[in-house]
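# Secondary and tertiary structure notes
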4 protein chains.
Amino acid sequence: MKYGITETVKTIKSKIKVKDIIYDIVEKKTNAIKYFLEGQEFNQTIVFGAYLCGNYMAHALLKDSDEVILVDVYPHLKDMIVSEKITFMDSNKFNLALRNGKLNPDLIVDITGIGGISPEILSKFNPEVLIVENPKCTYDKDIFEIDNSMDRLNTGKKRGLLNTFRSSKVSKTSGTMTLTIDTVLDSCAEIKELDGVLYALPNLKYYEGILFHEKDAKKFIGEVNAPAITVSCLDEYIIPEIDRILSKNMEKINSFVVKAK
Amino acid sequence: MKYGITETVKTIKSKIKVKDIIYDIVEKKTNAIKYFLEGQEFNQTIVFGAYLCGNYMAHALLKDSDEVILVDVYPHLKDMIVSEKITFMDSNKFNLALRNGKLNPDLIVDITGIGGISPEILSKFNPEVLIVENPKCTYDKDIFEIDNSMDRLNTGKKRGLLNTFRSSKVSKTSGTMTLTIDTVLDSCAEIKELDGVLYALPNLKYYEGILFHEKDAKKFIGEVNAPAITVSCLDEYIIPEIDRILSKNMEKINSFVVKAK
Amino acid sequence: MKYGITETVKTIKSKIKVKDIIYDIVEKKTNAIKYFLEGQEFNQTIVFGAYLCGNYMAHALLKDSDEVILVDVYPHLKDMIVSEKITFMDSNKFNLALRNGKLNPDLIVDITGIGGISPEILSKFNPEVLIVENPKCTYDKDIFEIDNSMDRLNTGKKRGLLNTFRSSKVSKTSGTMTLTIDTVLDSCAEIKELDGVLYALPNLKYYEGILFHEKDAKKFIGEVNAPAITVSCLDEYIIPEIDRILSKNMEKINSFVVKAK
Amino acid sequence: MKYGITETVKTIKSKIKVKDIIYDIVEKKTNAIKYFLEGQEFNQTIVFGAYLCGNYMAHALLKDSDEVILVDVYPHLKDMIVSEKITFMDSNKFNLALRNGKLNPDLIVDITGIGGISPEILSKFNPEVLIVENPKCTYDKDIFEIDNSMDRLNTGKKRGLLNTFRSSKVSKTSGTMTLTIDTVLDSCAEIKELDGVLYALPNLKYYEGILFHEKDAKKFIGEVNAPAITVSCLDEYIIPEIDRILSKNMEKINSFVVKAK
């Protein structure tokens, strides 16, 4: 707690950080995939899409797979990978490996979402299990038209669509960044209504700009390590309310894989 | 326009910057005061409260007053003053000038808001006109209880209460920062609903921390000089919509002085 | 509880009825006035405006006043009065009594709101206490312009403005019907978000049409004696939630008299 | 337009009636099905579920089918059917016809939704085309768990899931009544924000109670033939705004069939 402009007004920051919300979503998506896999073990796993979940998912799948390859068109996302056991491939390396016949995955997870990997590339493989993330959430005409996640579910003995939704709330995609932003903004709207609150400020930045335009993975990791919400209020007794409202909104996020075949 | 993660997704920033919203509110408040003053001229004007309006108001009142004194408890806010014609006084200088009988204002404007200047200090003066800002906006039990703006209207031949409201919208105070934040957040909620929008990100920072804890007026001025909203979307044709929605929400802010005596 | 279309879907009605919300608001307004009167006793009280609060207020003021006169331009509103101790006057009777010098109130309560009694009529009296209801709530340019409640506070040794607000919520007037409608609709929006709820239906009618166009006070009393909200849901375990949300929204309503002189 | 309580306040009713919204949704769902059928012609069509769309759909399918049978567990819904060409069957008649081998549909449309027809019954047929309505809309844990629409898509050479969504808005089911209620309530929230509006009243009743508990189809048809929204306001110039806002919200509803096989 710090004083605001005057001693009458206090400034409080949520204990929950932006990264806590991101990790919570990433964990839910990963658990949904693990649940769908039912403990099955694999020789080679390919995860398409490093941002924002891919790294974490690849790490989680190391337990069930002899080899985990993480593929992303952006070479600099390699900097986000912490485990040495994960093989990172950018487009060039992936295409080379593909031509050389080194890729023969029995598990494929595609979380590239809108504008991501093409159905054609996925159809070159013949995995035991293929899981594709459904980037759609609340209905939006344009997003529903452009989405081709069902077309990507074109191979694999067992196929699943990874859905992530927010209960009774509007989010336009199931992307981790979209869900994080909406969770923070909807929480701010609720916190603003508490007695004695002057304003609730979302502590969000354009993280994708940092990662994809500035290409600075370290700065990204630093920026998400900040309290999600700053509240200007009269009394400190609302401190627990802030994190309670954030938690309640985080709990609205649900992730599950629907079997397509 | 920049591409987002993939070429399918675009990133657009509002043309309207945070400072444009701040200045718009500050201008409305200043115009409300000018309108109430009806062209009256003054020998000495004291404006209590430099942040966030005070500097601008003091500047605008230079035309109608031989001398304009801007008083603030925070000495470092002096750095925000651009005009040399405005005399800045921190608490020490103000108290000294008060004791020395150098302060005999015929116009007083108090925009210190919640926890600001005490009714006792204002009662020491006998101005022609006293204007006190009402910090209250949408009803909040605690804020309505702590507010003493009516008690401050205890002197002056002509007295006015400066109100600033948002039409049909919830804001807990009439503070420029509160209104700016709520205008941006309510705009984001509307923009999110547009077809093809993935998310709308408010580009807000805890500006009061920069000014009052870091005491860095320059950094503050730099930070508000940024687009108010970043939008992730499928099509650029929504670009004009973003600023239209922001403008519409800015127009909801109304400022006027109600005569109390 | 009844089954909906199928046995899987249940229909639940709130225990709280429309009239419970109306009475709760009326009681808060009456208590605010009683608190402002501080136990003072009166010879003659005039309450202007029978709808929707007037009857109840007149009844409550019987304890503190030898005579209570309830004035309304609509003669048929006499049917709403339950106590024989209250003298009802329509415009004709009021004007006659005024000319005959029979009206000399020491307490006046004006709850006629927008387009109600004119300041000129009120200025003909010289009461100990005058209380005028402020019909304004959340800021609305047109309503703020048309309101003349401050002009009506033009007589009386002690003067008070009756405010009624909803914490952090938008209502365009402090009228009992406006606050009732908004309380029910905001509650429906919250109930809709509960897990397993298909829809929440506000059980509201255009009561003012029944009272003022159909002129059927009995029908009005019958219609408000209905559950405020009907909920279609999967499980009955949310039954207590419905009334809890309604109660929470009712608690957001606050009424208090601000001393004007 | 009528005057409200005082001549200052006007009462306006939307030109759009409740039935206009219902028919608009029913038409969108029917068009989605027609589009999916691509002009194909059928010998026998069975529509499961008379309420609220079934009757209209059955009527529309008469053009493409020699025989159209409408099946509903509620015998009294027969009263809603206007065309003599449609054969209505309640449970008893349907079971009898099934046993007698008189049912051999080449088109089945199931709009019974949550708690509706069982997958087992549908699996007894072998139609050219089977269309099942997806009752889910915005994510709700309990509703998503109970829904078995995908399980019902268990037969037919060509299979489709009828989806109906509201763009960027929360509705818990795709049911015509749910979408109608939410369209009216969301419109009321928008209308309330217009300058000079005192309140916006949704003119909704518990129609399902009238149809399923009172079993009064005529009363139902009368009740939906009423203006959707009543508005209390200062100026009549907002009249076109009311229907514009309602229309805009009706346009947010989209219906389409997704091919499942």
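Residues numbered from 1 in each chain as written. Chains lettered and ligands numbered in written order. Predicted model: local features only at pLDDT ≥ 70, side-chain atom pairs only at ≥ 80, totals over all residues. Heavy atoms only, no water.

The name that an unreviewed UniProt entry assigns to chain A is DUF1188 domain-containing protein, with the source organism given as Methanothermococcus okinawensis.

### Details of the domain arrangement of chain A
All names here are of chain A. Put simply, the rule is: Domain limits in this description derive from either an automatic procedure or a database domain assignment. We call two residues contacting when some pair of their heavy atoms lies within 4.5 Å. When two parts are put together, the accessible area they lose, computed with a 1.4 Å probe and summed over both, is reported as buried area. Salt bridges, as used here, are contacts in which a Lys or Arg side-chain nitrogen is within 4 Å of a carboxyl oxygen on Asp or Glu.
Domain assignment breaks chain A into domain 1 (2–19 + 172–254) and domain 2 (22–168). One C-alpha centre belongs to domain 1, the other to domain 2; they are set 29 Å apart. If you look at the interface, domain 1 gives 25 residues, while domain 2 gives 29 residues. Taken together, the two surfaces of domain 1 and domain 2 that pack against each other cover about 2500 Å², and 62% of this comes from carbon and sulfur. In terms of surface lost to domain 2, no three residues of domain 1 exceed Lys172, Ser174 and Thr176, which account for 26% of the buried area on that side. Here domain 1 is connected to domain 2 by two salt bridges. Among the salt bridges present, the one from Arg166 reaches Asp186, with a minimum N-O distance of 2.6 Å.

### Some thoughts on the relation of the copies chain A and chain C
For clarity, the threshold we go by: We place the copies in one frame by least squares, fitting the C-alpha atoms of every residue whose pLDDT is at least 70 in both.
When chain A is fitted onto chain C, the two copies agree to an RMSD of 0.0 Å after a turn of 180 degrees and an axial shift of 0.0 Å. The two molecules are tied by a two-fold rotation axis, judged by turn and shift. Of every C-alpha in chain A, the one belonging to Glu190(A) sits nearest the axis of rotation, 5.8 Å from it. Comparing contact sets, 100% of the residues at the interface of chain A also lie at the interface in chain C, consistent with an isologous, same-surface contact.

### Remarks on the sheet that holds strand 4 (residues 65–71) of chain C
Strands in a sheet are paired, the pairing made by backbone hydrogen bonds, and the direction either parallel or antiparallel. Residues and elements named next belong to chain C. Just so we agree on the cut-off: When DSSP locates at least two bridges between a pair of strands, those strands are taken to pair. Strands are runs of DSSP state E lasting at least two residues, helices are runs of H or I lasting at least four, and both sets are numbered from the N terminus onward. Between N-to-C directions, angles span 0 to 180 degrees; the directions come from axes that are lines fitted to C-alpha atoms, helices contributing only their stretch in contact.
Read across the sheet, seven strands follow the order 5-4-3-6-7-8-11 without closing on themselves; strand pairing throughout is mixed. Taken across any chain shown, the strands that pair with only one partner, and hence form the sheet edges, are strand 5 (86–89) and strand 11 (253–259). Put simply, the sheet's adjacent strands are angled 20 degrees from each other on average, direction ignored. Strand direction decides the pairing type here: strand 7 (residues 129–133) and strand 8 (residues 158–166), joined by five bridges, are parallel. Bridging across to strand 8, Leu130 finds its partner in Arg159.

### Re the interface of chain C and chain D
Quick note on the threshold: Contacts described as polar in this section are N or O atom pairs within 3.5 Å, which, within protein, must combine one atom able to donate a hydrogen with one able to accept it, while residues neighboring in sequence count only if both atoms come from side chains. Side-chain classes are defined by residue name, with Ala, Val, Leu, Ile, Met, Phe, Trp, Tyr, Cys and Pro counting as nonpolar, Asp, Glu, Lys and Arg as charged, and the others, Gly among them, as polar.
In this assembly, 50 residues from chain C lie in contact with 51 residues from chain D. Counting every contact that joins chain C to chain D gives two salt bridges. For Lys192(D), the salt bridge is made with Asp182(C), and the minimal N-O distance between the two is 3.8 Å. Here chain C is connected to chain D by 16 residue pairs in polar contact (both at pLDDT 80 or more). Of all the elements in the fold, those that place two or more residues in the side of chain C that touches chain D are strand 1 (2–3), strand 2 (10–13), helix 5 (141–146), helix 7 (176–192), strand 9 (197–202) and helix 8 (207–213) of chain C. The element that contributes the greatest number of residues to the side of chain C that touches chain D is helix 7 of chain C, accounting for eight residues. Partitioning the side of chain C that touches chain D into residue classes produces 25 nonpolar, 11 polar and 14 charged.

### Focus on the interface of chain A and chain C
Opposite the seven residues of chain A that make contact, chain C presents seven residues. Both faces considered, chain A and chain C share a buried interface measuring about 470 Å² in area, 22% of it formed by carbon and sulfur atoms. For the chain A face of the interface with chain C, the top three residues by lost area are Ser168(A), Lys169(A) and Glu193(A), together amounting to 74%. Inspection of the region where chain A meets chain C yields two salt bridges. The partner of Glu193(C) in a salt bridge is Lys169(A), and the shortest N-O contact between them spans 3.3 Å. For the pair chain A and chain C, the interface holds four residue pairs in polar contact (both at pLDDT 80 or more). Partitioned by chemical class, the residues of the side of chain A that touches chain C number no nonpolar, two polar and five charged.

### As for the packing of helix 1 (residues 18–37) of chain B against helix 2 (residues 54–61) of chain B
All names here are of chain B. Stated precisely, the cut-off is as follows: Handedness of each helix crossing follows the sense of rotation of the near helix against the far helix: counterclockwise by less than a right angle gives left-handed, clockwise gives right-handed.
In contact at an axis separation of 10 Å, helix 1 and helix 2 are set at 40 degrees when each is read in the N-to-C sense. Like other packed secondary-structure pairs, helix 1 and helix 2 cross with a definite hand, here right-handed. Seen from helix 1, the contacting residues are Val26, Glu27, Lys29, Thr30, Ile33, Lys34 and Leu37; seen from helix 2, they are Tyr56, Met57, Ala60 and Leu61. The class makeup of the residues in the contact of helix 1 with helix 2 is seven nonpolar, one polar and three charged.

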